[in-house]
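Residues per chain, in single letters:
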Amino acid sequence: MVRCIISAGDLTVFVGVSLQQRSDGEEPSGQGEHRASPARPPFGKKQLPSIPKNTAPVTKPPSPASAAQSANGTHASYGPFYLEYSLLAEFTLVIKQKLPGIYVQPSYRSALMWFGVIFIRHGLYQDGVFKFTVYIPDNYPDGDCPRVVFDIPVFHPLVDPVSGELDVRRAFTKWRRNHNHIWQVLMYARTVFYKINTMEPLNPEAAVLYDKDVQLFKSKVVDSVKLCNSHLFDQPKIDDPYAISFSPWNPTIHEEAKERMFTHKRRPEDHHKGLQVTGLSWVKPGSTQPFSKEDSSLQT
Amino acid sequence: MMASVVARGNQASQSTVLQGVDPETCMIVFKNHWAQVVKILEKHDPLRSVGGGVSALGGLGVGGGGLGGLRFGPIPGDEASAVQNYVEHMLFLLMEEKCGQAGAMGPILEFVVMENVMERLFLWSLRREFTDDMKLEQLKMYEMLVGQARQPLLHHKPVLRPLMMLLSACSSDGPASSTAPAVEAELVLLLHQLCCVLAKDPSVLELFFHTSEDQGAANFLIFSLLIPFIHREGAVGQQARDALLLIMALSAENHVVAKHIAENTYFCPVLATGLSGLYSSLPTKLEVRSEEWHCLHREDWQQMPALVQFLNSLEFCNAVIQVAHPSIRDQLLGYIYNGFLVPVMAPALHKLTLEEVMTTTAYLDLFLRSVSEPALLQTFLSFILLHRHDNVHILDTLVSRINVPFQLGTVSLALFRTLIGLYCEDVMLQLILRYLIPCNHMMLSQRAVLRERDCYSVSAAKFLSLTPSCCSPDIIPPPLRQLDEVVWSKTVDDDDYKAMETEKDCPQVDNSGHSCVIGSEIYMDVSYLHYLYDARSGISKCIRACQVWSAPYDGETPPPEEYQPSTLEEVGRPRAATLSRKPPPQPHHPQKPRPDPQRDSPAAPNLLELEWDDSYDAGPAQPLPEPEVTQPIPVEPPKHIQELRKNAIMLIKGAYIEESDFQNDVMVYNLVAQKDASDPIELPKAAKTSSADKQTNSDVLSDSNSHQLGQANNRPISNGLTSRSHSAEDDESKSSLQTDSNLEGEELMAQYEELIRTLGVEAGSPMKADRECQRPISPMEEEEEEEVDFTSFCPETPEGDKIPSPYTAKPRSGSRIHGIPFTGPFVSVLLSRLENMLDNSLHVNLLLTGILAQLATYPQPILRSFLLNTTTVLQPSVRSLYQVLASVKNQIEQLAVTRRDFTELLTTAQHSLLARESSLWGQDCHSQESGDKGRTKQPVVQPKTILPANRTEVYGTVLFTEFLKELAAIAQEHTILSHLPMEE
């Protein structure tokens, strides 16, 4: 029930929207399907992220007054809310960006962990479908930049061949609140597959090959993509109800879901009509006069 | 008699008996019966030789009732009852007969038509004495036929004609005559039934028209007969209204009907003037049950038959407007505006005594809540927003009354809560947005920031940081464990308030406790979750509602540049002149009232008329408005204002005031308020708790001045002007001002100029400087102050260039024309009352915070950022919600220092409030018929001790703390919801 956890439920919907917006034939259709979100458990199941050390979201050095406040605990007790909403705000920003081929979904258990998948549509990594996890530091937005770890280490100069972690820090040497946003990290994660950079690689082998023997690099990439795609239907690496999982196309399940996705577009309006919450306006667009609409009396 | 027939008419046995019978047999029986009847009929027919009864009709005429009988001697009873018996059987046969092949008439019906049976029977009843019983009998006969016949009968003139004759016979008795209630009821029932037939089969309609044309007047008889019952109370009235509604719905599709009703009937005038009539029988003064009372709830008005009747008629108007043809709708709206709102409501809103005015305000609020049809709401709203009474907009008058002490202020607040809850762009525009559109209230550099999102909940944190130290969760753990559920929601106490709907899907708190300890022993305030939930539903509801608005109000659209006050003078006026507007719809009627030219004046120039509002911003007691500022106006004020004026002068004796200062009642109210406000300072504090509080304080302003004065002295007044524990700087500036008031003329101006210079603001507005010094200076503000180019806010045009508009009521005194930042009278009066939270009664505070919270849910960036963005840098002269709250916090901190037992008092107050809350929940569950609240009944918790209601400062403190959470929650939810891309 608890509202501070709003994230989970709402986000699912949001992801649904973004998936649907993108799935107009672009993807090998119905490649993946979300697991249905589990019913919201009673309050308390989900843990709030642990309290960061310094939660008072004060941009400037705290004034004496607010320092006093922090001392008496007012701030600290709302800290989790600030963090939660900051992350929610980040997530809505991601939605807004409509990053091509990237889908993310915060984990069920922690708002600080997001699951994602990226579809590469052209270039060397074409047809690659890479699942990843974003880890956000708990003192966000005042800590380091979020980490991006691929489920399977993709053969790429900037991806650690063992841990699968993408070198994000090189793009965000210092994480600056208000300037840096998580969508930028996701954007970056996409870019690296289109523009290969071999400077200071985490995977020196890949870097050397790319510079010295592109053909071999290419074939290694193809193998890597194949490997990744062959594990597509594996169970999610992290056991979480909101983890992204793929399953082979099954008309009995997916056809209906697909249908729903496409009809979802129309739903919100119908939805609104049912709720009967409509505002009133007789203001002519471009005017600030009340009752300036020509046909204002004819409004029904 | 026929009555017995009707009584049995519905019995299934009758029809089953007939079901098996062969139609031919039925026909034979029918014919036999008729033959018997005819025998008797002819025996008494004086015109027998002439033949058919048709030509006889003219002679008999309508209402010539008993003549025939008298002329030819009484008809023997046995013959009458014999006819009765035959007819009874015949009718059953007719009713039960089914259509013939391919919709042809059944044989009996054909016979009825050929033989003109119905008409002859009607004549027969006329020939006998046409008594009420006879009418009843005939009406019931038709009612039964119309309602139960298995084939369409009304298509046939020989059936329809006598029916129409019967109806017109009933109508000619006229409404004045003493028609027996039973006949009326039966008549309305029949009419209703006919309307049902019409609704189902509009092809009959034409026949009704034609038939009546035969009678000379093009008359839609059914309709005309119903009109006298429009405002009737009880079941008859209801049935008549239902029947009329059927016709209204018919009119939407049938132009003939619509045209007829609009042009040939008095339907609309009767309806609208009926409202006026019913209104006049409403009590002019309401019995106020308690000080808490602020609006008419269902349980209030259900006890007032006159009000119930009015609401029925209003509801009917609403329904008519909903279903009727546009021509009827527009006509009705015009009549309601010009025949009810302007001539009745407007004067009623300007009555002489506070009580009467308060009562009218409460009625207006109730009406607004009762009306649902947008077009009718529009009519009411354009009355409130645009109509001027004695040259003052109704809206301005209403706004000014928020500041009035006594219950009028509270009731006015409730009215505005209703208005704001409509999500109406026009209302919001007039109340607030038009003042914010130019973006003059904020620093120029800040405009770009308007739409930025507060990603890290900075504003929420700032609001919460205002939590007084005595209320910090460490000292008073927010959730009180003794309660099952702790829900703070102001909507609770107004069970009929529309926002209640949001409550039903409120989450249930599980029983695990009310505070969760997260990490290292930090309390998480669970009640905050509820605030977040409410904020979310409130904001999403508002966002959805505002989708129909014309503009986003985001600092770009409408463009601030185009609405600068200086340019508005030039640009706005011609533009408005070219606008062809027609609110409200005028009736198509000769006495079409001249449209109010004032209405066409553009929005911003209204600023000019709002000088009086300066007093709102005067937090601390401001002695009196400066004579310099309010220039005498040449216009002679209306009588009631003069009356009020006299009394107000009496009230404020001791202080010299130009009589010309009383430009309108607005001014007078403020003066009264000021007077009241300044009293507590001079009077012993003990008076505060005196029982005189409860007295009927708002008795009369116009008589017994001494009485009034005495009461004013005794009341702890919360009117936005009271002084209380202000900061040191504040007091300084206040005292300097107080001396100012004793100065005269130039000396005073010099003082002002001095002040203005020190504040670094362009000269030109004494009042502004005035506001300036009284503004409590908050630490935040100083810290955030930026260098601003003030010249950019100055007008290009010198004052002399301004051409006075012929439409402006008052000469310009030049206080606000210069684009001096001003967020409008409504916002200032709300904020100034909010600043006095600690003196306000609990109820006023609930209303105030409720209104502000609802305003805060509006997604329009200029409004949202003004209320919620604590980092926006505003113009120095503009007070923000945050600043006002900071000032309240300071008051509380001071209070907490001076009162040792303050913390305990707070705990007690919390308990009292929670008990109140839970008892309201309880009431709510019982009283509301909608048991689907989704809420389990709460046990009514009795607190150990109840804090007396007059400890307003303690309650105010608790509420303040909760309000901060509410605002923070709204701010947080905005960071997510308002930025979600809307469905494209």
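Residues numbered from 1 in each chain as written. Chains lettered and ligands numbered in written order. Predicted model: local features only at pLDDT ≥ 70, side-chain atom pairs only at ≥ 80, totals over all residues. Heavy atoms only, no water.

## Comments concerning the packing of helix α21 (residues 374–386) of chain B against helix α24 (residues 425–436) of chain B
Residues and elements named next belong to chain B.
Alright, step 1. Running from N to C, α21 and α24 cross one another at 10 degrees; their axes reach a closest spacing of 10 Å. Judged on the interaxial angle alone, α24 and α21 are roughly parallel. Mapping the contact onto sequence places Leu381, Leu385 and Leu386 in α21 and Asp426, Val427 and Gln430 in α24.
Alright, step 2. Considering only residue class, the contact of α21 with α24 consists of 4 nonpolar, 1 polar and 1 charged. (Axes fitted to C-alpha atoms, helices over the stretch in contact; angles between N-to-C directions. Helix = DSSP H or I, 4+ residues; strand = E, 2+ residues; numbered from the N terminus. Parallel < 35°, antiparallel > 145°, perpendicular 65-115°, else oblique. Contact = heavy atoms within 4.5 Å. Nonpolar A, V, L, I, M, F, W, Y, C, P; charged D, E, K, R; others polar.)

## Notes on the nonpolar core
Alright, step 1. Judged by nonpolar contacts, the single largest core of 251 residues is most densely connected at Leu167(B), Ile222(B), Phe267(B), Phe340(B), Phe367(B) and Phe826(B).
Alright, step 2. In terms of residues, this core owes the most to one element, helix α41 (residues 952–977) of chain B, which gives 14 residues.
Alright, step 3. Setting aside chain neighbours within four positions, we find Phe826(B) in contact with Val399(B), Ile402(B), Phe416(B), Ile420(B), Leu431(B), Ile432(B), Ile851(B) and Leu855(B).
Alright, step 4. In this structure, Leu87(A), Phe91(A), Ala111(A) and Ile182(A) belong to the second largest nonpolar core, which totals 50 residues. (Core = buried A, V, L, I, M, F, W, Y, C linked by side-chain atoms within 4.5 Å. Buried < 20%, exposed > 50% of the residue type's maximum accessible area, 1.4 Å probe, protein only.)

## Notes on the pairing of strand β4 (residues 147–150) of chain A
All names here are of chain A.
Alright, step 1. Examined bridge by bridge, strand β3 (residues 129–135) and β4 share 4 bridges and lie antiparallel to one another. Bridge assignment links phenylalanine 132 to a residue of β4, and that residue is phenylalanine 150.
Alright, step 2. Here 2 bridges tie β4 to strand β5 (residues 165–166), and the two strands are oriented antiparallel to one another. Bridge pairing in β5 places valine 148 opposite leucine 166. (Pairing = 2+ DSSP bridges.)

## A closer look at the UniProt feature "domain: UBC core" (unreviewed entry) in chain A
Alright, step 1. Taking the UniProt record as the reference, the feature "domain: UBC core" (unreviewed entry) is found at residues 82–230 of chain A.
Alright, step 2. Across residues 82–230 of chain A one finds 35% helix and 17% strand; the C-alpha atoms that close the span lie 40 Å apart. (UniProt positions renumbered as here; feature names shortened; annotations may be inferred.)

## Re the pairing of β3(A)
Residues and elements named next belong to chain A.
Alright, step 1. Burial analysis of β3 places 6 of its 7 residues in the buried class, the great majority of the element.
Alright, step 2. Pairing geometry for strand β2 (residues 113–119) and β3, over 7 bridges, is antiparallel. Looking at β3, one finds that valine 117 is bridged to lysine 131.

## Observations regarding the confidence of the model for chain A
Alright, step 1. With 68% of its residues at a pLDDT of 70 or more, chain A shows a mean pLDDT of 75.
Alright, step 2. Across residues 296–300 of chain A, confidence stays below pLDDT 50; counting only partners more than four residues off in sequence or on other chains, it has 19 contacts. (pLDDT = per-residue confidence, 0-100.)

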